[in-house]
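Chains, contacts and geometry: an overview
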Amino acid sequence: MSSVDSPRESWATRLGFIFAAVGSAVGLGNVWRFPFQVGQEGGGAFLLIYLLFIVLVGFPAMLVEFVAGRYTERNPVGALKQLGTGLWEYVGWIFVVTGFVILSYYSVVAGWTIRYAVLGLQDGYLADVEAAEAQFGSLAVGLEAIVLHALFMAVVVTVVAFGVERGIELAVKVLVPAIIVIAVGMAIYAFTLEGAGEAYVYYLAPDLEVLADDWRSIVPAAAGQAFFTLSLGMGVMLTYASYLQEDRNLATDGAIIIGFDTAIAFIVGLIVFPVLFTAGVDPAAPGPGAIFVSLAAAFGDLTLGWLVGAVFFATVAVAALSSAISLLEVLVSYLIDERGIGRVPATVALGGGLFVLGIPSALDLVLLDLFDGFADQILLVLGGLLLSVLVGWRRSDLAITELELGIGDLGPYGDAWIWAVRIPVIAALLVALTLGVLGYIEFLQDDFWPWIQEL
Ligand code: PHE
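The sections below set out a description of the structure shown in this document. (Residues numbered from 1 in each chain as written. Predicted model: local features only at pLDDT ≥ 70, side-chain atom pairs only at ≥ 80, totals over all residues. Heavy atoms only, no water.)

**A short note on the overall build of the protein chain**
- Scanning the protein chain from N- to C-terminus turns up 18 helices and zero strands.
- Whereas a compact globule of 455 residues would reach a radius of gyration of roughly 23 Å, the protein chain reaches 21 Å, a difference of no more than 12%.
- The buried share of the protein chain, reckoned over its 455 residues, is 58%.
- Residue pairs in contact within the protein chain that sit at least 24 positions apart in sequence constitute 86% of those at least 6 positions apart.
- Accessible surface, the protein chain: about 17,100 Å² in total, of which carbon and sulfur atoms supply 68%. (Helix = DSSP H or I, 4+ residues; strand = E, 2+ residues; numbered from the N terminus. Rg over C-alpha atoms; globule rule 2.2 N^0.38 Å. Buried < 20%, exposed > 50% of the residue type's maximum accessible area, 1.4 Å probe, protein only. Contact = heavy atoms within 4.5 Å. Areas by Shrake-Rupley, 256 points an atom, 1.4 Å probe, with all protein chains shown as cover.)

**A word on the packing of aromatic side chains**
- Taken as a whole and assessed by the stated rule, the structure comprises 27 aromatic pairs.
- When the ring of Tyr 202 is compared with that of Phe 277, the centres are 5.4 Å apart and the planes differ by 50 degrees; the resulting orientation is tilted. Linking Tyr 202 in helix α9 (residues 196-204) with Phe 277 in helix α12 (residues 250-279), this pair joins segments that are 75 residues apart in sequence.
- Grouping aromatic residues by their ring pairs yields a cluster made of Phe 34, Phe 46, Tyr 50, Tyr 202, Tyr 203, Phe 266, Phe 273 and Phe 277.
- Over the aromatic face of Phe 228 sits the side chain of Arg 33, whose NZ or CZ is 5.3 Å from the ring centroid. (Phe/Tyr/Trp six-rings, centres within 6.5 Å; stacked < 30°, edge-to-face > 60°. Lys NZ or Arg CZ within 6 Å of the ring centre and 35° of its normal.)

**Points about the packing of helix α3 (residues 44-72) against helix α18 (residues 412-454)**
- Two numbers describe how α3 lies on α18: the axes approach to 10 Å, and their chain directions differ by 115 degrees. Of the two elements, α3 crosses α18, and the hand of that crossing is left-handed. Taking contact as the criterion, the partners of Phe 53, Leu 56, Val 57, Pro 60, Leu 63, Val 64 and Val 67 in α3 are, on α18, Trp 417, Val 421, Val 425, Ala 428, Leu 429 and Ala 432.
- Classifying every residue of the contact of α3 with α18 by side-chain character gives 13 nonpolar, no polar and no charged. (Axes fitted to C-alpha atoms, helices over the stretch in contact; angles between N-to-C directions. Left-handed = near helix turned anticlockwise from the far one by under 90°. Nonpolar A, V, L, I, M, F, W, Y, C, P; charged D, E, K, R; others polar.)

**Things to note about the site of the ligand**
- Taken together, 15 residues are adjacent to the ligand, and Ala 25, Gly 29, Tyr 106, Phe 228 and Ser 231 come closest.
- Ser 24 places a polar main-chain atom, nitrogen or oxygen, 3.2 Å from a nitrogen atom of the ligand.
- A distance of 3.0 Å separates an oxygen atom of the ligand from a polar backbone atom of Leu 28.
- Protein chains shield 100% of the accessible area of the ligand, which is 320 Å² for the free molecule.
- Those elements that provide at least two residues to the shell around the ligand are α1 (16-25), α2 (28-40), α10 (208-229) and α14 (305-339). (Near = heavy atom within 4 Å. Polar contact = N/O pair within 3.5 Å; in protein donor to acceptor, adjacent residues only side chain to side chain.)

**As for the side chain of Arg 70**
- Looking at the secondary structure, you find Arg 70 in helix α3.
- Within the structure, Arg 70 has its side chain in polar contact with the backbone oxygen of Leu 405 (distance 3.0 Å).
- Excluding anything up to four places from it in sequence, Arg 70 contacts Ala 241, Ser 242, Leu 244, Gln 245, Glu 246, Asp 247, Arg 248, Leu 250, Glu 402, Leu 403 and Leu 405.

**Remarks on α10**
- For α10, spanning 22 residues, the distance from its first C-alpha to its last is only 24 Å, which falls clearly below the expected 32 Å at 1.5 Å a residue.
- The sharpest bend along α10 measures roughly 90 degrees and falls at Asp 214.
- Structurally, the start of α10 carries an N-cap: the backbone nitrogen of Glu 209 is 3.0 Å from a side-chain oxygen of Asp 207.
- Positioned one or two residues after α10, Ser 231 has a phi angle of 60 degrees, which is positive. (Expected span 1.5 Å × (residues − 1). Bend = angle between axes of the 7 residues up to and from the residue.)

**Describing the pattern of salt bridges**
- Tallied over the full model, the rule gives eight salt bridges.
- Here Arg 33 makes a salt bridge to Asp 372, at a shortest N to O gap of 3.1 Å. Of the two residues, Arg 33 sits in helix α2 while Asp 372 sits in helix α16 (residues 365-394), which places them 339 residues apart along the sequence. Accessibility assignment for this pair places Arg 33 and Asp 372 in one class, buried.
- Close ionic contact of Arg 248 with Asp 253 constitutes a salt bridge, the shortest N to O distance being 2.5 Å. You'll find Arg 248 and Asp 253 in the same group, each marked buried.
- When salt bridges with common partners are traced through the structure, they connect Arg 33, Asp 372 and Asp 376 into a single cluster. (Salt bridge = Lys/Arg side-chain N within 4 Å of Asp/Glu carboxyl O.)

**Regarding a nonpolar patch on the surface**
- Together, Leu 48, Leu 52, Val 55, Leu 56 and Leu 208 make up an exposed nonpolar region whose accessible area comes to about 480 Å².
- With four residues, α3 is the largest single contributor of residues to the nonpolar patch.
- Its location among the elements puts Leu 56 in helix α3. (Patch = residues over 30% accessible without salt bridge, like charges linked within 9 Å, V, L, I, M, F, W, Y side chains within 5 Å.)

**Thoughts on α9**
- Turning to α9, its buried residues are Ala 196, Ala 199 and Tyr 203. For α9, the buried positions fall inside an angular range of 60 degrees around the axis, keeping them on one side. In α9, the exposed positions angled more than 90 degrees off the buried face are occupied by Glu 198 and Val 201. (Arc of directions from axis to C-beta.)

**Here's the deal with unusual backbone geometry**
- A positive phi angle, near 50 degrees, is found at Glu 73, a position not held by glycine.
- With respect to the helices, strands and loops of the structure, Glu 73 is situated in the loop between α3 and α4 (76-83).
- A residue is classified by how much of its surface remains accessible, and Glu 73, at 40% relative accessible area, is partly exposed.
- Positive phi values are uncommon outside glycine, yet Leu 304 reaches one of about 60 degrees.
- Take Leu 304: it is sitting in the loop between α13 (290-301) and α14.

**Focus: the packing of α3 against α10**
- At a minimum axis separation of 8 Å, α3 and α10 run at an interaxial angle of 40 degrees. By the criterion of interaxial angle, the relationship of α3 to α10 is oblique. For α3 against α10, the interelement crossing comes out right-handed. Residue-level contacts link Ala 45, Phe 46, Leu 48, Ile 49, Tyr 50, Phe 53, Ile 54, Val 57 and Ala 61 of α3 to Val 210, Leu 211, Ile 218, Val 219, Ala 221, Ala 222, Ala 223, Gln 225, Ala 226, Phe 227 and Thr 229 of α10.
- When the residues that make up the contact of α3 with α10 are grouped by side-chain class, the tally is 18 nonpolar, two polar and no charged. (Parallel < 35°, antiparallel > 145°, perpendicular 65-115°, else oblique.)

What follows is the structure in structure tokens.
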């Protein structure tokens, strides 16, 4: 059934939207990606730039997606067609492609978290870093990784197939509070560890020399991470806002969502780094496996680490689920709205395609890097940039009017927001995108090309 002959679905309760948006934002980005980006990009220096991007770019950019979604009441492709003409119509396609790429490897990483939760309960973790590294190498790629990727994808498909109200809202209402309670408990536990003091300095005190030396990689990494963790730049927030009634205060909602997401990532850092420093593990150990290798080794070193570790990884898997649901929801809403395909067949077909596209990431970490780097440092930032240009420069009239619904007259704040989007947000995203493209070319030359030659 298409949107023309059936009323569009909407959130069942007032809090449904907030829960779902927080559930989307909080995921592997906070727990898997954030700590290894901090570790790779020099600790506190990265944290500082990341927080600046969250507040100064992420917040206005989130409002852009909200107004675009609520105004058009469409999926990203339909929304862009309605907001712009000519080439703008195709920008929605970037969102769909981005979501497809991200979800394919996201599901693989989610599969690892399931494996590591089971690992703690079954065998416990290996305290020796090299042994843990070898173990990650065998668990992360190969048949087992593919099977767990399939399992995770199947769960996501099941939830999304039930529809916006019954599936997503129900799931996140339980998941989000559970994640918060567990994360806070574990941060308190981590505070008691011997390496906590050293870890806090590394994590919380920005080293300005590191910043001066490495800003070319820190800036795009921080921008990409900010967009990834806030679920911006690929139409998730746009789609979720499209199911909204017009009485919600989007600015307050945005601030709440960003507050929760940032707090959880920050708290995860307060868990991860004390554990790493206590076990003597280098936080800069690079690559997408860093968190699994070093954390597992750290948990292996601690009393009752198997239990704490199993709880930790299970929580991550749960957080990943609500984010993956949101990614799939965008793709499904496109097929329902634009193609008139039913929810269940659309969901199942996409799940199958995503499973296939994810297989390379479950076969070699270089391929996962290839997908992740492209989606995160290029596609997400590009999507956010283009939407900001369209809404900020071409449709600013309707943007302010739409934002005012549910808030009231914004006066000078409306203009302040639009001008923030028009100049600083767009400039920051342009710089980040340029550096991101250069960094990705470097990755292709230094890592991917040699990998191809070795085949
Ligand atoms: N924000 C999610 C996370 O941090 C990932 C995500 C990215 C979800 C983009 C939707 C869109 O894990």
